[in-house]
Structures are given as C-alpha cells and as structure tokens.
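# Descriptive analysis of the structure
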Amino acid sequence: VAWKKFGAGETPQTSGLKGDHLVGKYYVAFDKAYKKEVAGLMEVGLTKEQAENQASIMLEARETLLNWEKKETETYALWEKMNGWVYDGFQKTYDRMGVNFDKLYYESNTWSLGKDIALKAVDKGIFTKRPDGSVWVDLTEDGMDEKLLLRSDGTSVYMTQDIGTAILRYEDYPEVEKMVYTVGNEQEYHFKVLFAVLQKLGYSWAGHCHHLSYGMVELPEGKMKSREGTVVDADDLMEEMVRSAQEITENLGKLEGINEVERDKLYEMIGMAALKYFLLKVDPRKNMLFDPKESIDFNGHTGPFIQYAHARIQSILRKHDQDLSNEAQNVEINTFERSLQLKIYQYPDVILESAETYNPASLANYIFDLVRDFNSFYQNVSILQAESEELKTYRLQLASVVGKIVRSGLKLLGIDAPNRM
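Here is a short report on the structure shown in this document.

So, how was this worked out
- Residues numbered from 1 in each chain as written.
- Predicted model: local features only at pLDDT ≥ 70, side-chain atom pairs only at ≥ 80, totals over all residues.
- Heavy atoms only, no water.
- Helix = DSSP H or I, 4+ residues; strand = E, 2+ residues; numbered from the N terminus.
- Rg over C-alpha atoms; globule rule 2.2 N^0.38 Å.
- Contact = heavy atoms within 4.5 Å.
- Areas by Shrake-Rupley, 256 points an atom, 1.4 Å probe, with all protein chains shown as cover.
- Axes fitted to C-alpha atoms, helices over the stretch in contact; angles between N-to-C directions.
- Parallel < 35°, antiparallel > 145°, perpendicular 65-115°, else oblique.
- Nonpolar A, V, L, I, M, F, W, Y, C, P; charged D, E, K, R; others polar.
- Buried < 20%, exposed > 50% of the residue type's maximum accessible area, 1.4 Å probe, protein only.
- Polar contact = N/O pair within 3.5 Å; in protein donor to acceptor, adjacent residues only side chain to side chain.
- Phe/Tyr/Trp six-rings, centres within 6.5 Å; stacked < 30°, edge-to-face > 60°.
- Lys NZ or Arg CZ within 6 Å of the ring centre and 35° of its normal.
- Pairing = 2+ DSSP bridges.
- Right-handed = clockwise from strand over helix to strand, strands pointing away.
- Expected span 1.5 Å × (residues − 1).
- Salt bridge = Lys/Arg side-chain N within 4 Å of Asp/Glu carboxyl O.

## Some thoughts on the overall build of the chain
When its secondary structure is counted, the chain shows 17 helices and 7 strands. Its C-alpha atoms give the chain a radius of gyration of 28 Å, more than 25% over the compact-globule value 22 Å for 421 residues. With respect to the three principal axes, the spread of C-alpha positions in the chain is 90 × 50 × 35 Å. For the chain, restricting intrachain contacts to residue pairs at least 6 apart in sequence, the fraction spanning at least 24 positions comes to 69%. When the accessible surface of the chain is split by element, carbon and sulfur atoms take 49% of a total near 23700 Å².

## Thoughts on the packing of helix 7 (residues 107–123) against helix 8 (residues 158–172)
Packing of helix 7 against helix 8 leaves a shortest axis separation of 7 Å and a crossing angle of 95 degrees. Between helix 7 and helix 8, the angle is such that the two are roughly perpendicular. Contact residues: helix 7 offers Glu107, Thr110, Trp111, Leu113, Gly114, Lys115 and Ile117, while helix 8 offers Tyr158, Thr160, Gln161, Ile163, Gly164, Thr165, Ile167 and Leu168. Here the residues of the contact of helix 7 with helix 8 sort into 7 nonpolar, 6 polar and 2 charged.

## Notes on unusual backbone geometry
Phi angles above zero are rare outside glycine, and lysine 71 is one such case at about 60 degrees. Inspection of the secondary structure puts lysine 71 in the loop between helix 5 (56–69) and helix 6 (73–97). Positive phi is not limited to glycine here, since tyrosine 358 has a value of about 55 degrees. With relative accessibility at 24%, the residue tyrosine 358 sits in the partly exposed group.

## Some words on the side chain of threonine 93
With respect to the helices and strands, threonine 93 occurs in helix 6. Judged by its relative accessible area of 12%, threonine 93 is buried. A distance of 2.7 Å separates polar atoms of two side chains, one belonging to threonine 93 and the other to aspartate 235. Each residue touching threonine 93, except ones within four places of it in the same chain, is listed here: Lys18, Asp20, Ala234, Asp235 and Met238.

## Description of the packing of aromatic side chains
In this description, a pair of aromatic rings is defined by centroid distance and the angle of the planes. Applying the stated criterion across every chain yields a total of 21 aromatic pairs. With a centroid separation of 6.2 Å and an interplanar angle of 80 degrees, the aromatic rings of tyrosine 87 and phenylalanine 90 are classed as edge-to-face. Separated by 3 residues within a single helix, tyrosine 87 and phenylalanine 90 lie in helix 6, roughly one turn from each other. What makes tyrosine 87 partly exposed here is its relative accessible area of 37%. Classification of phenylalanine 90 as partly exposed rests on a relative accessible area of 33%. With a centroid separation of 5.7 Å and an interplanar angle of 50 degrees, the aromatic rings of tyrosine 181 and phenylalanine 195 are classed as tilted. Here tyrosine 181, found in strand 4 (residues 179–184), pairs with phenylalanine 195, found in helix 9 (residues 188–200); they are 14 residues apart in sequence, far enough to count as distant. Pair check on accessibility: tyrosine 181 and phenylalanine 195 agree, each one buried. Put simply, the rings of Tyr87, Phe90, Tyr94, Phe101 and Tyr106 touch in pairs and so form one group of aromatic residues. Cation over ring: arginine 130 sits above tryptophan 136, and NZ or CZ is 3.8 Å from the ring centre.

## Concerning the pairing of strand 5 (residues 209–214)
One ladder, built from 6 bridges, connects strand 4 with strand 5; its direction is parallel. Within the sheet, the bridge partner assigned to tyrosine 181 lies in strand 5 and is histidine 211. The handedness of the strand 4 to strand 5 crossover, carried by helix 9, is right-handed.

## Here's the deal with helix 16 (residues 360–380)
Compared with the 30 Å implied by 1.5 Å per residue over 21 residues, the 31 Å span of helix 16 between its first and last C-alpha is a close match. Of the residues making up helix 16, those classed as buried are Ala361, Ser362, Leu363, Ala364, Tyr366, Ile367, Phe368, Leu370, Val371, Phe374, Asn375 and Phe377. Contacts from the buried residues of helix 16 go to helix 11 (260–280), helix 13 (303–319), helix 14 (335–345), helix 15 (347–356) and helix 17 (389–412).

## A few points about the sheet that holds strand 2 (residues 135–138)
Taken in spatial order, the 3 strands of this open sheet run 1-2-3, and their pairing is antiparallel. Across the chains shown, the open sheet's two edge strands, defined by having one partner strand only, are strand 1 (128–129) and strand 3 (146–150). Summarising the sheet, strand 1 and strand 2 pair through 2 bridges and their orientation is antiparallel. Bridge pairing in strand 2 places lysine 129 opposite valine 135.

## Structural notes on the environment of glutamate 43
For glutamate 43, the location among the structural elements is in helix 3 (residues 19–43). Judged by relative accessible area, glutamate 43 falls into the exposed class, the value being 71%. Taking C-alpha positions, glutamate 43 is 67 Å from arginine 312, a pair spaced 269 residues apart along the chain.

## Observations regarding the pattern of salt bridges
The full count for this structure, using the stated rule, is 17 salt bridges. For glutamate 60, the salt bridge identified is with lysine 5, shortest N-O distance 3.2 Å. Of the two residues, glutamate 60 is situated in helix 5 and lysine 5 in helix 1 (residues 2–6); the sequence distance between them amounts to 55 residues. The partly exposed category is assigned to glutamate 60, whose relative accessible area is 27%. With a relative accessible area of 44%, lysine 5 lands in the partly exposed category. Of the charged contacts in the structure, one is a salt bridge between arginine 96 and glutamate 239, with a shortest N-O distance of 2.9 Å. Separated by 143 residues along the polypeptide, arginine 96 in helix 6 and glutamate 239 in helix 10 (residues 234–252) bring together distant segments of the chain. Salt bridges sharing partners connect three or more residues here, namely Lys18, Asp20 and Asp235.

Right under this line is the structure:
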C-alpha cells in the first residue's frame with residue numbers, strides 16, 4: 001500500500017538499494033503515514049482505538065490483504081514482485097554471513113492450512129466462532145487467555161500461520177525428536193500459546209516443541225525498531241566490521257607477501273569473526289549489548305583474538321616444519337603444558353554440552369580459554385630451544401592439536417580461521 005502511494009514505481013535497480021532495504025523503506029513509510037492519520041483523527045474527537053480502526057490507509061491495507069488472500073491478479077502480482085525484491089536482498093546477506101537453510105517455509109503457503117485447521121476445530125468444538133465471525137481459542141484453563149485465530153473478515157493472524165507451519169514441518173520430517181524455535185524473548189507468550197493450541201488440536205508431538213527464548217541484542221545507541229526505522233541494517237554492520245578489520249590489520253603492518261585479493265578475503269574473515277563471535281559468546285537467553293569497537297579488538301575476548309592465535313600457531317608449524325605423526329616418547333611436561341593438555345581433553349564434552357543446552361556460548365568461551373592457555377604456554381615455554389628433540393616434537397604436536405581444535409571449534413560457530421594475519 002505504501003509503495004503504491006509513495007513509491008512512484010521505484011525499484012531496486014532505479015534506487016540502487018538492496019531489495020529488502022527498499023521494501024523496508026516503505027514498511028517505515030506506511031507506519032509514519034498511519035500514525036500521522038491516527039493523530040489527525042484523534043484531534044477531531046475520535047478515541048485512539050476508533051482512529052486506528054478508521055484510518056484510511058489501514059482500511060486500504062486490510063482490503064489489500066483480503067485481495068491477496070483471494071489471489072486478486074493485480075495485488076498478487078505486486079506482492080510477488082516485492083517479495084522477490086526482499087528475498088533477493090536477504091540472499092545476498094545470507095551468502096555473506098555464510099548462512100543457509102535446508103528448507104524454507106513461507107507464511108504465504110502456511111496461512112491457508114492454519115485457517116482450514118482453525119475452521120475444522122470450530123466444527124469439532126475445540127475453537128469458538130463469535131457472532132462477528134472471528135475465531136478464538138480459550139486457554140484460560142491453561143493459565144493464559146482467549147486468543148484470536150481468525151479475524152472477523154476471515155483473514156489469518158501470525159498464530160494461524162504458525163499452526164500451519166508447525167504441522168507442515170512435522171509432516172515433512174516425522175522423525176524429528178524436537179522442534180526448536182529460536183526466537184526473541186519478546187515472543188515467549190506467543191509460543192506458550194502456540195504449543196498449547198497444538199496440544200488442544202491433538203498433536204502428540206506438541207510436547208516436543210521448544211522455544212529457545214533468545215535475548216535481545218542492542219547497540220550502544222539503544223534498542224532497534226524496524227517499524228520505526230530505528231535500525232542498523234545487518235549489511236551496514238557487516239560492512240563496518242570489515243572496514244574496521246582492514247584498518248586494524250593494516251596498522252599492525254603484518255601483510256607482507258599477501259596480495260590484494262588475499263587481503264580482501266582476510267579483512268572479510270576478520271570482520272565477520274568479530275561480529276559472529278561477539279554475538280555467540282553470550283548465553284543466547286541473555287540480553288546483550290553489541291559494541292562494534294569492542295568486538296574487533298585483537299587483544300580482547302573476541303573472534304579476531306582467537307583467529308590471531310590460530311595464525312600464530314600455523315606460523316610456528318611452518319617455521320619448524322617436521323614430521324609430527326610419531327608420538328613423542330619419555331617427555332616430562334610442565335604446568336603450562338599440563339594445563340593445555342587437560343583443556344584439549346575437554347573439547348568433546350564441550351561440544352556435547354553446547355548441543356544439549358542449545359548454547360553456542362559454551363563452545364565460544366571454551367575456544368577463548370584454550371587460546372589463552374596456549375598463549376600462556378607460548379610465552380613461558382620455548383619450542384625452538386626445547387631441552388631435547390623429543391620435547392620439541394611434543395610441543396609442536398601440542399601446538400598443532402590446539403590449532404586443529406581452534407579451527408574445528410570456529411567452524412562449528414560459522415567462523416573462518418585464517419592461516420596468516
């Protein structure tokens with residue numbers, strides 16, 4: 001509706017904007033126009049609720065939704081075109097983040113299933129249809145309230161769509177033991193309702209649905225709201241991180257022998273590591289403050305710090321190139337080596353713990369601790385000047401194993417481990 005009113009035919013090509021950014025622009029434009037109209041109606045004596053329901057732009061949006069559900073030609077074609085812009089933009093972001101999905105479920109395909117199920121549940125007496133035609137479920141016995149499932153005009157709501165999506169997922173993957181919804185903690189009540197509704201509908205697997213209530217991420221500037229346009233786009237944030245990685249790396253002056261293409265790849269690796277690790281090192285259930293400057297610190301609790309340690313290990317192994325396939329014999333180890341070796345043994349248990357608790361922070365913090373122990377070992381023990389060849393071999397083997405674990409652990413977190421920095 002906003003694009004038709006204010007867009008003047010603007011496209012990603014004519015505007016130079018990514019498709020998702022362009023559509024987001026009109027999402028904000030709609031909200032601004034809607035609030036302005038509501039304020040005007042309240043000035044002439046309407047209540048806030050009356051103004052919100054009578055605002056012409058909202059009435060037009062509701063009519064458009066009805067036309068979309070009927071697959072009216074013009075409305076549906078515009079929806080497909082703008083959806084195409086959004087998904088094209090999303091894909092560019094996902095590719096840069098290294099994110100992929102096995103299967104995508106679209107609300108546009110699941111709402112009709114949810115609507116059919118809601119209407120059948122009315123016939124069975126599970127849900128209730130009110131005189132205005134709206135459909136509700138009563139969850140008061142479950143400690144919740146009554147929940148709208150279909151509006152009076154027959155259009156669906158988020159809950160209806162989520163019912164359809166959940167059912168489709170279990171039909172597609174009946175062997176799944178548990179379905180985990182990783183969604184912000186602001187939606188805790190929504191998922192309590194969803195799981196309760198699915199149980200009322202008789203789906204035995206509803207008890208195996210789990211909401212991983214993700215803490216909200218804020219920037220130093222404060223909370224972000226996409227509807228109001230007070231957001232930092234992921235694309236802009238990634239670009240800022242990569243740019244910061246370039247500045248810091250160039251200032252360190254350790255890029256000799258690395259060509260321009262490799263340097264650009266390195267900046268990307270470091271920038272994305274800074275972003276991902278800073279988010280993943282915090283328990284997902286906790287709210288957090290993402291500080292871009294702090295996340296890129298090569299000496300802090302950061303992804304680049306871990307990457308730098310990995311690059312150092314690879315440099316050591318290149319300098320002392322020798323066969324490490326045979327286990328070192330009759331070696332007495334010191335406190336630093338023992339601490340590092342014990343830390344290495346913990347790796348499988350940490351992976352298991354992270355998986356069972358849905359908490360990548362356990363793994364992220366383990367890798368940091370491992371690197372910190374390695375640095376302590378490296379600063380206090382000489383590899384090159386070891387007392388014997390056997391001890392030198394052992395210490396190189398120890399460094400090699402640490403490097404492999406760091407590389408493996410970072411990969412599980414979706415982070416690359418460069419061999420040179």
